[in-house]
Amino acid sequence: MPRIGTAVAVIFGQLAMSMLVDHFGWLGNEVIPISGTRMAAVICLGAALYFIYSSNKATE
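Keep in mind that this is a model prediction, so the values were computed, not measured.

Peer 1: How should I be thinking about the overall build of the chain in this particular structure?
Peer 2: Per the secondary structure count, the chain includes 2 helices and 0 strands. Put simply, the chain has 60 residues, and 15% of those count as buried. Counted over contacts in the chain with a minimum sequence separation of 6, partners at least 24 positions apart contribute 49%. Only carbon and sulfur atoms are counted for the fraction: they give 70% of the accessible area of the chain, which is about 4,400 Å².

Peer 1: How should I be thinking about a nonpolar patch on the surface in this particular structure?
Peer 2: On the surface, a nonpolar cluster with roughly 540 Å² of combined accessible area is contributed by Met17, Leu20, Phe24, Trp26 and Leu27. Take Met17: it is sitting in helix α1 (residues 3–24). Met17 sits in the partly exposed class, given a relative accessible area of 43%.

Peer 1: Help me understand the packing of aromatic side chains, please; the structure alone is not making it clear to me.
Peer 2: In this description, an aromatic ring pair is defined by two values, namely the gap between the centres and the angle between the planes. The tally for this structure, following the rule as stated, stands at 2 aromatic pairs. Geometrically, the ring pair formed by Phe24 and Trp26 is stacked, given 5.3 Å between the ring centres and 15° between the ring planes. On the accessibility criterion, Trp26 (39% relative accessible area) is partly exposed.

Peer 1: Is there a simple way to explain the pattern of salt bridges in this structure?
Peer 2: Oppositely charged side chains can form a pair if their charged atoms are brought close together. All told, the structure shown has 1 salt bridge when counted by the stated rule. Among the salt bridges present, the one from Arg38 reaches Asp22, with a minimum N-O distance of 2.8 Å. Of this pair, Arg38 sits in helix α2 (residues 36–59) while Asp22 sits in helix α1, and the two are 16 residues apart along the sequence. The class for Asp22 is buried, based on a relative accessible area of 18%.

Calculation criteria
Here the residue index of a chain counts from 1 through its sequence in written order. This being a predicted model, a pLDDT of at least 70 is required before a residue's local features are given, and a value of 80 or more before pairs of side-chain atoms are given or counted; all residues contribute to the totals for chains, interfaces and linings. The side-chain figures draw on all heavy atoms in the structure; neither hydrogens nor water molecules are used. Counting from the N terminus, the helices are the DSSP runs of H or I reaching at least four residues and the strands are the DSSP runs of E reaching at least two. The cut-offs for exposure are 20% and 50% of the maximum accessible area for each residue type, with area from a 1.4 Å probe on protein chains only; residues under the lower value are buried, those over the upper are exposed, and the others partly exposed. Pairs of residues are marked as contacts when any of their non-hydrogen atoms sit within 4.5 Å. Only the protein chains shown count as covering a residue, and every accessible area follows the Shrake-Rupley method with a 1.4 Å probe. Like-charged residues within 9 Å of one another, or nonpolar side chains (Val, Leu, Ile, Met, Phe, Trp, Tyr) within 5 Å, are grouped into patches, provided each residue has over 30% relative accessible area and no salt bridge. Definition used for salt bridges: Asp or Glu carboxyl oxygen within 4 Å of a side-chain nitrogen of Lys or Arg. Pairs were defined over the aromatic rings of Phe, Tyr and Trp, the Trp ring being its six-membered one, requiring ring centres within 6.5 Å. Orientation was assigned from the angle between planes: stacked under 30 degrees, edge-to-face over 60, tilted for the rest.

Here you go:
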């Protein structure tokens, strides 16, 4: 995976975990339900990670 792919994977993981923390109110945070906009952001990052990984795999 190229460096940019690793960065996207880290950001994707952080975003997903922050959504869980917000949704369930873990660590004393205010509960913020998962919205369509937030899910769209996770899906877009997941798609970007997939395309970066598949384009790197095709060039090897």
